[in-house]
Amino acid sequence: MKVRTSCFGLRNLPQGLSFCVRYYFRHNHLQTTCLYSKIKPKKYHILDCSGSTCTHMTVPPGSILPWRFFSCKQEGTKIPSKRKQNTSITSSELSYKNLLKSEQENWKDISARYKAMTKRIKEKLEELHKYTFNSGSPRIRFGENVYFEENGCIFLSKADDVDGGNVDILFSTEDLGFSAAFIQRIRISPDQRYMAISLKSENSEEATCVIMKLGHFPVVEKVIPNVFSFEWATNDVLYYTSQKNLKCQNVFMTTFTNQKHTKLVYTEQDASNSKTTSEVWLVDCRHPFKLPALVQARTKGIIYHIEHRNDELYILTTYGEPAEYKLMKAPVASSGMENWQLVYALEEKTKLVDLEMFSDHCIMFLKNAGHLYLSVISFVSHSVQSIKLPTWACEFELESHPEHTTGTCYFQLTSPVHPPKNFAYSFKENNLIEQAVQEVPIITNCHTTRLLAKSKDETLVPITVFHNMNSKELHRKPLLVHVYGAYGMDLNMSFKEEKLMLIEEGWILAYCHVRGGGELGLSWHKGGCQHNKLKGLHDLKACITLLHELGFSQPKYTALAAASAGGVLAGALCNTDPELIRAMVLQAPFVDVLNTMMKTHLPLTIEEQEEWGNPLADEKCMKYIKSYCPYQNIKTQCYPSVFITAYENDQRIPLTGILQYVQKLRKAALDHASRTSKKGNRIPNIILDIQANGSHCDSSWEDSLNEVARHLAFLNKELEEVCHVQHMKSCK
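Structural notes, computed from the coordinates.

About the thresholds
Residues numbered from 1 in each chain as written. Predicted model: local features only at pLDDT ≥ 70, side-chain atom pairs only at ≥ 80, totals over all residues. Heavy atoms only, no water. Pairing = 2+ DSSP bridges. Helix = DSSP H or I, 4+ residues; strand = E, 2+ residues; numbered from the N terminus. Axes fitted to C-alpha atoms, helices over the stretch in contact; angles between N-to-C directions. Salt bridge = Lys/Arg side-chain N within 4 Å of Asp/Glu carboxyl O. Buried < 20%, exposed > 50% of the residue type's maximum accessible area, 1.4 Å probe, protein only. Core = buried A, V, L, I, M, F, W, Y, C linked by side-chain atoms within 4.5 Å. Contact = heavy atoms within 4.5 Å.

### Observations regarding the sheet that holds strand β25 (residues 395–398)
Strand-to-strand pairing in sheets goes through backbone hydrogen bonds, with the strands running parallel or antiparallel.
No. 1: Read across the sheet, 4 strands follow the order β25-β26-β27-β28 without closing on themselves; strand pairing throughout is antiparallel. Two strands bound the open sheet, and with one partner strand each, they are β25 and β28 (431–434). Neighbour to neighbour, the strand axes of the sheet diverge by 30 degrees on average, direction disregarded.

So this is what it looks like as C-alpha cells:
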C-alpha cells in the first residue's frame with residue numbers, strides 16, 4: 001500500500017507542543033517536529049517547543065505556521081456539547097443527520113453517470129503508477145545498509161544491491177496484524193538494533209508507534225498508542241510526543257536498556273499555541289537522561305529553528321530586520337539571542353525551503369518566483385556558491401539519511417508532471433549530477449512556463465504553467481487551475497500521476513502562487529491573511545484572467561481545483577466571478593469561515609485567529625470575514641458546476657458547514673435557472689461525495705486513486721458537454 005502524504009494543502013494539524021529532535025523535513029519544508037525528519041548522528045537533540053502545531057508538512061521558512069484544520073467532532077459523529085449523556089437528540093443534530101442522509105442518497109443516484117469514465121481513468125492511472133511508484137519510495141541509508149518501504153513492508157538491502165532482489169523483510173503490516181493500517185514513517189536507531197515505525201489507519205488522527213528489535217528474527221519490542229512524532233536520542237533511548245484531542249503537549253522518553261522505563265520529559269505550558277513565536281530546548285545525546293536545556297526563551301514575534309554543528313548552533317530565525325528568515329549562529333554554551341551572529345541573509349522575495357548541515361558545508365534550497373536553486377556555504381573558505389536547478393523543478397526531497405562527513409549531497413527533484421529524479425551535488429567539484437533513473441514511458445515534451453500576473457494593487461503574482469509542447473490551439477484546450485493561499489504554505493507541487501495523465505491528454509495545468517501562501521517569504525503570507533485575505537482573491541482573479549488573455553484556454557474550458565483552506569479563495573471566486581470558470585473540484589474545503597471562527601468550543605478556533613482574525617472581539621473583522629466567506633456570499637446567479645469530496649469522520653473540517661454550503665449553493669443555482677428559463681439555459685451540477693472512510697491527512701494510494709478518478713471524471717463530463725455543444729454549432 002502506498003501512502004500519499006501530500007495532505008492536499010492541509011489546514012492546521014495537532015495543536016500544542018511542536019517537538020523536534022532537530023532534523024530537517026524530507027518534504028520540502030524546514031521541520032519543527034520530528035515527523036518525517038531524518039536520523040543524524042549528532043551530539044545534541046533539540047526540542048522545538050513552539051507552542052504551535054505539530055505538523056505533517058511542518059513550518060517552512062517563509063511561513064508563520066502550517067495548515068488549517070477544524071473539528072466539529074472529537075470521535076465518530078459525536079458533536080461536542082455540555083448536555084448529559086441521556087439527553088434527547090437536539091434539533092441541530094437531527095438537521096445534520098437529515099442533511100447527511102439527503103446528500104448520501106443524492107450521490108448514490110447520480111454517481112452512475114460517472115462510473116464508466118471513472119473506471120477508464122483509474123485503469124490509466126494504475127498503469128502509470130507501475131512506472132512511477134519505485135521512483136518515489138524514500139530510502140534510508142546507514143553505511144552499507146539501505147532501508148525502504150513498499151506495499152506495507154519494510155525491507156533491508158545492501159546499498160549496492162537495492163534493485164538486485166537480495167533483500168530481507170523486517171516488517172509486514174499484514175503478518176503482524178496491522179492490515180488496516182499503513183506505514184507513515186520509519187526511524188532506525190543509530191546502531192541499527194531497533195526500528196521505530198509509525199502506523200496510521202485512514203479513519204483516525206492517532207498513530208501507533210511499533211518498536212521492532214532487529215536481528216536474524218525481528219520481533220516486536222514495544223507498542224505505543226496515540227503517538228504523533230518520535231526520534232532516537234541514542235541507541236536505546238527514544239523520545240516521542242503523545243497526541244490527544246488534536247494536540248501535542250507532552251514529550252516522553254522511553255528506554256530499551258536492561259531496565260526499561262518511560263518518563264515524561266517536557267510539558268508545554270504555553271496555552272496560546274501561537275504560530276508567530278517559538279522556543280527550542282536541547283537534549284544532550286551524550287547524557288540523554290538530563291533535563292533539556294533552553295536555547296532562547298519565547299519572544300513575541302520571533303520564530304527560530306536550530307541546527308547543530310560542532311560546538312555551535314546554526315539558527316534559522318526571523319529575528320532582526322527585515323522580518324524574514326535569516327541564518328545566524330551562536331555557541332552552544334551561550335545560545336541566547338544576544339549572542340546570535342548573522343551568517344547569511346536572503347535576498348528579497350526569496351524563500352529558504354530547506355537546509356542541511358555537513359561537516360564543512362551548509363547547503364540551502366531556495367525558491368524565488370517559483371524557481372529552485374542551491375546556495376552552498378563553505379565553512380572552510382567562507383564562500384557562498386549558487387547553483388541553478390533545472391527550470392522544471394518545483395519541489396525537492398533530501399536523502400533520508402545523509403552522511404554528514406561526505407563530499408556529496410543527494411536529493412530528488414520533482415514537479416507535478418515530472419516523477420522524482422535523483423541528483424547529486426559535489427562540494428569539491430561544485431557541480432550538479434543527474435543520476436540515471438528509469439524513464440516513464442510517456443510524453444517527455446511537457447513545457448514549463450512561469451508568468452507574473454498583475455493584481456488589483458499592481459502586485460506581481462507568480463504562476464507556473466505546464467502544457468504539452470505539441471498541443472495546437474491552446475485556447476481550445478481544457479485548463480485546470482490550482483490555488484491555496486493560506487498559512488504561509490506553498491502550493492503542493494509534488495509529482496502526481498493524474499497530472500501527468502492530464503498533460504498527455506492535452507490539458508493545461510496552472511498553479512497560482514497567490515498571497516497568503518509562502519512562495520515569496522513571510523511577507524507574502526502576511527499580505528494575504530487576516531485583513532488582507534481579499535488580496536489573495538484579487539490575485540487569483542488576475543492569474544486566471546492573464547492565462548485567458550495569453551491564450552491558455554478560455555472560461556468555458558477552465559476548471560478550478562482547491563483543497564482545505566484553499567476552498568476559501570476558490571469558493572469566494574465562484575461568488576464574485578463565476579463567469580471565469582466552468583467547473584470546480586474541492587477536497588475537504590473550508591467554506592464557512594465566519595461561523596467556524598465564531599465557535600470557540602471547536603479545538604482550533606482560538607489558535608486560528610492569527611490567520612483569519614477574531615470576529616467575536618472585533619466587529620470590523622466580522623464584517624471583513626463576512627465580505628469574502630464563501631458560504632455567506634452565495635447569491636442567486638449562474639454558478640459553475642461543483643464537485644466536493646468530504647469525509648464523514650474528518651476531525652478538522654466541520655462537515656456541517658460543508659453540508660449547509662452545498663444546500664445553499666444548489667438552491668441559489670436552481671433559483672437562478674428558474675428565473676432565467678431561456679432555451680438551453682444550463683443548470684450546474686452541485687455534487688457532494690461524502691466518504692465514510694479516509695481522513696483529512698493521509699490516505700492510501702487506492703482510496704486516493706478512487707477520489708482522483710471521480711474528480712477527473714466529473715471535470716471531463718462537464719467540459720465534454722461544452723465541447724459537444726461547440727462541435728454541434730460548427731457542424732451547422
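### Some words on the pattern of salt bridges
No. 1: Taken as a whole, this structure holds 24 salt bridges when the rule is applied.
No. 2: The residue K124 makes a salt bridge to E504 at a minimum N-O spacing of 2.9 Å. Highlighted residues: K124 in helix α2 (residues 115–132) and E504 in helix α3 (residues 497–504), separated in sequence by 380 residues.
No. 3: Overall, K124 belongs to the partly exposed group, its relative accessible area being 29%.
No. 4: Note that E231 is salt-bridged to R187, the shortest N-O span being 3.0 Å. Within this pair, whereas E231 is found in strand β11 (residues 219–232), its partner R187 is found in strand β8 (residues 181–188), the two being separated by 44 residues in sequence. There is no split in this pair, since E231 and R187 are both buried.
No. 5: Counted as one network, the salt bridges with shared partners bring together R120, K124, E504 and E505.

### Some points on the nonpolar core
No. 1: Judged by nonpolar contacts, the single largest core of 108 residues is most densely connected at I463 and L540.
No. 2: The dominant element in this core, judged by the number of residues it contributes, is helix α11 (residues 701–731), at 8 residues.
No. 3: Among all residues touching L540, those that are not within four sequence positions of it are V481, V483, C512, V514, L560, L569 and L573.
No. 4: The next biggest cluster of nonpolar side chains, apart from the first, holds 19 residues, and it includes V353, F365, V376 and W392.

### Some remarks on the sheet that holds strand β18 (residues 312–317)
No. 1: Here we have 4 strands laid out as an open sheet, ordered β17-β18-β19-β20, and antiparallel in their pairing. The open sheet has two edge strands, β17 (304–309) and β20 (341–345), and neither has a second partner. Neighbour to neighbour, the strand axes of the sheet diverge by 25 degrees on average, direction disregarded.
No. 2: Inspection of the sheet shows strand β19 (residues 326–331) paired to β20 by 4 bridges, in the antiparallel sense. For L327, the partnering residue across the bridge sits in β20 and is Y344.

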